[in-house]
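Commentary on secondary and tertiary structure
One letter stands for each residue in the lines below.
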Amino acid sequence: MTMAFIIPDAAYASPGVFPAPATGLLWLYRGTGSDQGTLVQWNLNGTETVTGQTIWAMKCTYETRCSVFDEFAGVAEMDGNAGHDLLTRQTMYSAGDLYLHTNAKQQGWFHWTAGCGPECQTRAIGIRDFNKDGHQDVLWYSPAGEGKPVISLFNGSGWSSSSMTVSVGCDRNCHQEWQPIAVGDVNSDGFHDLLWWNVKRYGPGLVHAWLLNASGQRIGTLDLSWQCADDCRDSLWNPIGLGDMNGDGTQDLLWKNFHSGSVAYWELDGHGNVMRDRYLSWTCDYHCGQYWEPIGIVDPEHRRSIKWP
Ligand SMILES: [Ca+2]
Ligand SMILES: [Ca+2]
Ligand SMILES: [Ca+2]
C-alpha cells in the first residue's frame, strides 16, 4: 500500500523513562481502492518520537461492519480480552443506528442500540472508566433537550449494562459556542472529566473542563491556561483527544494541524496548566491528510484498571 507518511531523518530518541505513556496514535485510511479502511498505528515512545508504524490486522470494511464514513469514538479494551477494540457509531450500513464495534483483532462487532436515525445528533465523545468499576465506558453527547451527556456503563464483556446522565448539560444555545472534544482526567483526582472547546468567533478560544465524579456529577470546572482562538483555528488546528503522551501520569491534549500536517500536544501538569507544546517527529501533511484521519490515542489507561497483571 502507498503510505504518505513522512519519515524524518532525525535519529530516534531514547525510549521514555516514564511508566505508562500513550503507545500509539491510530489512523484510518479514508481514501478509495483496496486500501480503504486500513488502520495504521504510529508507535510512540513517550517523548515526541514516532518509532515506526503498525498496520492493524483489522480493516474497516463491509465484512467487519465498519465504514470509513462512520464516526469513531476511539480505541479501548472493552470486552476483557486484553486487546484494544475500536468503537464506531455506524452511519453507513445501519441508517444511523449506534453500533459499538469491538474485538478489533478478532473482527467481531455487535449492535449496541437502534432508534437513532440520521436526524440524531448523538455523538460518542470518548471512552474512559467513568464510574471506576474497572470497565471502560462511553460518553455520548447530543445538544437536544437539556444537552446532558450520557455515559453508557459497560460490564467488561462488551455489553452496556446501564447508564448515567451527567448532572449538567449544554443545550442547543450553549452548543453554538461550545464543542465537546475529549474525555480524561485533567485535574488528576482519579476521575475522568469532559473537555469542551469554545469555538465562538472572536471569542477567547477557551478549553474548559467539566470535572466529574464517579456518579457523573459535575463537581467543578477548570480552564486550561492556553487557548485556541480564531488565529489558532484558522490555521487549522483541531483537537484529537486526551492521552498521557509523555508518560508522566498526567493527561495531555493532542492536536493536529490539517494544513501543515503537524501533530502536537499540550503538555499538561494535571492542574490545568499547559507547560509547553511538543511536536511529534512524524507529520501527515495536506496530501496525506486528505486520506488519513487520526481516530484514537492508544493509551494504557484505556485498558482495564482492575485485574491488570
Ligand atoms: Ca466503568
Ligand atoms: Ca478529574
Ligand atoms: Ca502527561
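All values reported here derive from a predicted model rather than from experimental measurement.

Helices and strands together make up the secondary structure of the protein, namely three helices and 20 strands. Expressed as a percentage of its 309 residues, the buried residues of the protein come to 40%. Here the contacts in the protein between residues at least 6 apart in sequence split such that 44% fall between residues at least 24 apart.

Right, let's talk about the sheet that holds strand β13 (residues 193-198) for a bit. The strand order across the open sheet built from four strands is β12-β13-β14-β15, with neighbouring strands paired in antiparallel fashion. The sheet terminates laterally at β12 (178-184) and β15 (218-223), the two strands that pair on one side only. Strand-to-strand, the axes of this sheet are offset by a mean angle of 25 degrees, without reference to chain direction. For β12 and β13, the ladder comprises six bridges, and the chain directions are antiparallel. Paired with G184 across the two strands is D193, which belongs to β13.

This paragraph deals with the sheet that holds strand β16 (residues 237-243). Strand order in the open sheet formed by four strands is β16-β17-β18-β19, and the pairing between neighbours is antiparallel. Edge strands, defined here as strands with exactly one partner in the open sheet, are β16 and β19 (274-279). The mean inter-strand angle of the sheet, taken between neighbouring strand axes irrespective of direction, is 25 degrees. Alignment of strand β18 (residues 263-268) against β19, held across five bridges, turns out to be antiparallel. Looking across to β19, one finds that E267 is bridged to R276.

Strand β17 (residues 252-257) sits mainly inside the fold: six of its six residues count as buried. Residue alternation in β17 divides its side chains into two sets, D252, L254 and K256 and L253, W255 and N257, and both sets are buried. Where β16 meets β17, six bridges bridge the pair, whose relative direction is antiparallel. Each residue of the ladder has a partner; that of N238, found in β17, is K256. With four bridges connecting them, β17 and β18 associate as antiparallel partners. Directly across from W255, in β18, lies its bridge partner A264. Counted along the chain from β17 to the antiparallel partner β18, the turn is five residues long, and its residue G261 has a positive phi close to 85 degrees.

So, about the environment of A76. Mapped onto the secondary structure, A76 falls in strand β4 (residues 71-76). With 51 residues separating them along the chain, A76 and I127 place their C-alpha atoms 6.9 Å apart.

As a further point, take the nonpolar core. Judged by nonpolar contacts, the single largest core of 62 residues is most densely connected at L87, L139, L194, L195, L253 and L254. Not counting the four nearest positions on each side in its chain, L195 is found in contact with I181, A182, V183, V186, V207, A209 and L242.

Let us now look at the pairing of strand β10 (residues 150-154). Here strand β9 (residues 137-141) pairs with β10 via three bridges, running antiparallel. Bridge pairing in β10 links V138 to S152. Direction of pairing for β10 relative to strand β11 (residues 160-165): antiparallel, over a ladder of five bridges. What sits directly across from S152, in β11, is S163.

Attention now goes to unusual backbone geometry. Despite not being glycine, S188 shows a phi value in the positive range, around 60 degrees. Positionally, S188 belongs in the loop between β12 and β13. Taking the number of C-beta atoms within 10 Å as the measure of exposure, S188 has 14 and is therefore partly exposed.

Position of N173 relative to the elements: it lies in helix α1 (residues 172-175). Taking the C-alpha atoms as reference, N173 lies 9.7 Å from G147; in sequence the two are 26 residues apart.

Overall, the predicted model of the protein reaches an average pLDDT of 82, with 78% of residues at or above 70. Under a pLDDT of 50 for its full length, residues 104-108 has, in the predicted model, 13 contacts with residues more than four places off or in other chains.

Relative to the helices and strands, G241 resides in strand β16. For G241, a count of 27 C-beta atoms within 10 Å translates into the label buried. Note: C-alpha distance between G241 and P294 (53 residues apart in sequence) is 9.7 Å. Once residues lying within four places of it in the same chain are set aside, the contact partners of G241 are G74, G126, A182, L254, G296 and I297.

Definitions and cut-offs
Residues numbered from 1 in each chain as written. Chains lettered and ligands numbered in written order. Predicted model: local features only at pLDDT ≥ 70, side-chain atom pairs only at ≥ 80, totals over all residues. Helix = DSSP H or I, 4+ residues; strand = E, 2+ residues; numbered from the N terminus. Buried ≥ 20, exposed ≤ 12 C-beta atoms within 10 Å, placed from the backbone. Contact = placed C-beta atoms within 7 Å. Pairing = 2+ DSSP bridges. Axes fitted to C-alpha atoms, helices over the stretch in contact; angles between N-to-C directions. Core = buried A, V, L, I, M, F, W, Y, C linked by C-beta atoms within 7 Å. pLDDT = per-residue confidence, 0-100.

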